[in-house]
Amino acid sequence: QVQLVESGGGLVQPGGSLRLSCAASGTIFSRDTMAWYRQAPGNQRELVAKITSGGNINYADSVRGRFTISRDNARKTVYLQMNSLKPEDTAVYYCASFALGGYWGQGTQVTVSS
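Note that the coordinates shown come from a computational prediction; the quantities given were computed from them, not determined experimentally.

Caption draft 1: Layout of the packing of aromatic side chains. As enumerated under the stated definition, the model contains 2 aromatic pairs in all. Arranged with centres 6.4 Å apart and planes meeting at 90°, the rings of Tyr94 and Trp104 form a pair that is edge-to-face. Here the residue Tyr94 occupies a position in strand 9 (residues 91–97), and Trp104 occupies one in strand 10 (residues 103–104), the gap between them amounting to 10 residues. Classification of Trp104 by relative accessible area gives partly exposed; the value is 39%. Among the aromatic residues, those joined into a ring-pair cluster are Tyr37, Tyr94 and Trp104. We note Arg45 situated over the ring of Tyr37; from NZ or CZ to the ring centre the distance is 4.8 Å. Against the face of Phe29 rests Arg71, its NZ or CZ located 4.6 Å from the ring centre.

Caption draft 2: Structural detail: the side chain of Arg38. Locating Arg38 in the fold gives a position in strand 4 (residues 34–39). Of note is the side chain of Arg38, whose polar atom sits 2.9 Å from the side chain of Tyr93. Sequence-distant contacts of Arg38, that is, excluding residues within four places in its chain, are made with Gln44, Arg45, Glu46, Val48, Ser62, Val63, Phe67, Glu88, Asp89, Ala91, Val92 and Tyr93.

About the criteria used
- Residues numbered from 1 in each chain as written.
- Predicted model: local features only at pLDDT ≥ 70, side-chain atom pairs only at ≥ 80, totals over all residues.
- Heavy atoms only, no water.
- Phe/Tyr/Trp six-rings, centres within 6.5 Å; stacked < 30°, edge-to-face > 60°.
- Helix = DSSP H or I, 4+ residues; strand = E, 2+ residues; numbered from the N terminus.
- Buried < 20%, exposed > 50% of the residue type's maximum accessible area, 1.4 Å probe, protein only.
- Lys NZ or Arg CZ within 6 Å of the ring centre and 35° of its normal.
- Polar contact = N/O pair within 3.5 Å; in protein donor to acceptor, adjacent residues only side chain to side chain.
- Contact = heavy atoms within 4.5 Å.

And the structure:
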């Protein structure tokens with residue numbers, strides 16, 4: 001049984017930074033593609049960043065250059081470093097695993113406001 005536990009969300013001013021963490025259990029983490037998605041009220045879920053087991057990374061155009069996805073296989077944790085945050089980054093952020101069956105974290109709220 002795969003479980004994903006997210007942390008690090010909160011309220012931040014425009015231009016500020018946050019780091020999200022997602023701790024995985026019940027999976028051979030090093031073999032799994034991991035990703036971050038986000039969903040704002042009234043919007044569809046959006047892929048923010050993805051990192052494969054081989055270290056290949058993709059970003060949404062809206063976050064490229066500002067966000068960095070990384071993983072620590074020893075700790076079975078994936079991170080999303082978010083810099084230069086904008087109000088339009090406000091959303092619930094979800095960790096996802098592409099392990100067989102697919103898995104989601106519970107989500108963590110990120111609010112960017114002055």
